[in-house]
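Fold and geometry: a report
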Amino acid sequence: MKYFIITFGCQMNKSDSERIASVLESAGYKSALKIDEADLIVVNMCSVRKSAADRAYGVLPKFEKLKIKKDSSGSKQQNLKTVLTGCVLKKDRKKFTEKFDFILDVKNLSKWPEILGSNPPPKTDNYLKIEPKYSNNFSAFVPIMTGCNNFCAYCVVPYARGSEVSRPAEEIICEVGNLIKRGYKEIWLLGQNVNSYNSISFSQLLKKINDIPGEFWIRFTSSHPKDFSDELIEVMADCKKVTEYLNLPVQSGDNEILKKMNRPYTIEYYKNLVKKIRKKIPDIALSTDIIVGFPGETEKQFENTIKLFKEIKFDMAYIFKYSPRPGTAAAKMEDTVPQKERGRREKVLTEILKETALENNKKYINKEIEVLVENKKSSNSWLGKTRTHKNVQFESKENLLGQFVKIKITNALPWGLKGEIL
Ligand code: 5AD
Ligand code: SF4
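Remarks on the sheet that holds strand β4 (residues 81-86)
Pairing is parallel in the open sheet, where five strands are placed in the order β2-β1-β3-β4-β5. Only two strands of the sheet have a single neighbouring strand rather than two, namely β2 (30-31) and β5 (102-103). Bridge count for strand β1 (residues 2-7) against strand β3 (residues 40-45) is five bridges, and the pairing is parallel. Bridge assignment links Y3 to a residue of β3, and that residue is L40.

Quick look at the site of ligand 2
Around ligand 2, the structure places C148, N150, F151, C152, Y154, C155, V157, P158, Q192, H224 and R263. Residues belonging to the shell around ligand 2 are distributed by class as follows: seven nonpolar, three polar and one charged.

Some points on the pairing of strand β18 (residues 416-421)
Pairing geometry for strand β16 (residues 391-395) and β18, over two bridges, is parallel. In the strand pairing of β18, Q393 is matched with K418. In this sheet, β18 lies alongside strand β17 (residues 404-413) in antiparallel orientation, the contact comprising six bridges. Following the sheet pairing, I409 is matched in β18 by G419.

So, the pattern of salt bridges
The full count for this structure, using the stated rule, is 26 salt bridges. One salt bridge in this structure joins K50 and D54, with 3.0 Å as the shortest N-O distance. Here K50 and its partner D54 are both found in helix α2 (residues 50-58), four residues apart, which amounts to about one turn of the helix. Relative accessible area serves as the criterion here: at 46%, K50 is assigned to the partly exposed category. You can call D54 partly exposed: its relative accessible area is 34%.

Side note on the nonpolar core
If you look at the biggest cluster of nonpolar residues, it comprises 68 residues, and the most contacted ones within it are I187, L189, F202 and L206. Look past the residues within four positions of L189 in its chain and what remains in contact with it is V142, I144, V194, F202, L206, I209, I218, R219, F220 and T221.

Some thoughts on the packing of helix α12 (residues 299-312) against helix α13 (residues 339-362)
Viewed as axis vectors pointing N to C, α12 and α13 meet at an angle of 15 degrees, and their least axial separation amounts to 10 Å. Classified by the interaxial angle, the pair formed by α12 and α13 is roughly parallel. Our pair here, α12 against α13, has a crossing hand that is right-handed. Within the contact between the two elements, α12 uses E299, F302, T305, I306, F309 and K310 and α13 uses E341, R344, R345, V348, L349, I352, L353 and T356. Residues that form the contact of α12 with α13 fall into these classes: seven nonpolar, two polar and five charged.

Side note on the site of ligand 1
Within the structure, ligand 1 sits among V48, R49, Y154, Q251, D289, I291, F320, K321, Y322, S323 and R325. A distance of 2.7 Å separates an oxygen atom of ligand 1 from a polar atom in the side chain of Q251. Within the backbone of S323, one N or O atom sits 2.7 Å away from a nitrogen atom of ligand 1. Isolated, ligand 1 exposes 410 Å² of accessible area, and the fraction of that covered by the protein chains is 86%. Residues belonging to the shell around ligand 1 are distributed by class as follows: five nonpolar, two polar and four charged.

Concerning the environment of I319
Here I319 is to be found in strand β13 (residues 316-321). Sequence separation of I319 and N178 is 141 residues, and the distance between their C-alpha atoms is 36 Å. Excluding its chain neighbours within four sequence positions, the residues that come into contact with I319 are I290, V292, F309, E346, L349 and T350.

Some details on helix α9 (residues 230-238)
The set of residues buried in α9 consists of L232, I233, V235 and M236. All buried residues of α9 project into a common sector of 165 degrees when viewed along the axis, lining one side. Turning to α9, the residues buried within the fold contact α8 (202-210), β10 (217-221), β11 (245-247) and α11 (267-280).

Rules and cut-offs
- Residues numbered from 1 in each chain as written.
- Chains lettered and ligands numbered in written order.
- Predicted model: local features only at pLDDT ≥ 70, side-chain atom pairs only at ≥ 80, totals over all residues.
- Heavy atoms only, no water.
- Pairing = 2+ DSSP bridges.
- Helix = DSSP H or I, 4+ residues; strand = E, 2+ residues; numbered from the N terminus.
- Near = heavy atom within 4 Å.
- Nonpolar A, V, L, I, M, F, W, Y, C, P; charged D, E, K, R; others polar.
- Salt bridge = Lys/Arg side-chain N within 4 Å of Asp/Glu carboxyl O.
- Buried < 20%, exposed > 50% of the residue type's maximum accessible area, 1.4 Å probe, protein only.
- Core = buried A, V, L, I, M, F, W, Y, C linked by side-chain atoms within 4.5 Å.
- Contact = heavy atoms within 4.5 Å.
- Axes fitted to C-alpha atoms, helices over the stretch in contact; angles between N-to-C directions.
- Parallel < 35°, antiparallel > 145°, perpendicular 65-115°, else oblique.
- Left-handed = near helix turned anticlockwise from the far one by under 90°.
- Polar contact = N/O pair within 3.5 Å; in protein donor to acceptor, adjacent residues only side chain to side chain.
- Areas by Shrake-Rupley, 256 points an atom, 1.4 Å probe, with all protein chains shown as cover.
- Arc of directions from axis to C-beta.

None of this, on its own, says anything about what the molecule does.
Listed below in structure tokens is the structure:
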């Protein structure tokens, strides 16, 4: 019996898929290299934007084909089972019921084998306690909490993932400790809002992970500006393993829009926070999330976002066109900004970002920096990341995957750097 998992969405979903793979393997399934070979297909969906949710619909024609193949050949596809999981909204649940054999909650992962008619389930009821099948052997996602209590007006996460639950600190430290012993070089601590982690404070958790012996980098995502404490800035600055990269979603550059979004801070607060962070951690690279075309966003309000972009000079920004999501507060607001205008606003911000990111990247030229090698691009060409999460391309005949290397930066582009291995 073989399984195939299709994952959409954020790092949290990717991390969940690693636990799903682990449970399926302990239930006797083997990983299928191609979807056509699978007896069980799991779609781990994302509902954060309509475009993401639509991708789950996009796989349905493939299912139909696989089922037709099953009927005509009577082959091993006979028992093809399909599972939908991840962030599934109530409204979509109804629509998907007839398309998938099962709609299962990842929180009940330990019950999946029983439901699917396989071997006994893992011993734990808490899915985060299940040891994942990590996707590689040098960089690992470690969820520290799930869910969200913030109810930003546009966002489905609190509905789809439920309220915040923090994992016990000892459990996280134990998981990270084991990964480091196995040679992992990068740990991503995941949560919808890591700053509201509450088993101990998030700063204390960072300190404890930083104290684990070994050479590795600590990254985390995502942070809500409202909960970003001075203590956390101090800890980030002091802990050498915590990298100089921060995703700090601002969502809009306009105070009225922020209020309508139920984001309880002002742009003045955000700018001051960035100032404090940059003062303590001068090399920090900042990324943000932005929504353009939120209901009622006027040209003037959008111009405030332009102003913010020009002022902060982000290294990276994830720019999203607003999409109304069922059940959220914003879905009840009048959707005033035409699609075409949303597209224009997205382009305007992307152009500014291109300039500021290039300007920031140019500062790396001639510097010798540490890079973690992540990918092979072509036969002798490799891609890695700096501590500041910048892409770096370089040449080498050696297999350097998953290793730290020293690179001299020779070229800067808006979306990355090029260099020579030392
Ligand atoms: N429309 C567009 N973007 C959204 N995001 C969340 N909900 C929506 C929505 N309804 C964006 C936010 C968030 C990121 C993960 O997705 O910017 O930070
Ligand atoms: Fe969604 Fe806001 Fe929670 Fe982030 S903080 S997951 S945007 S509700």
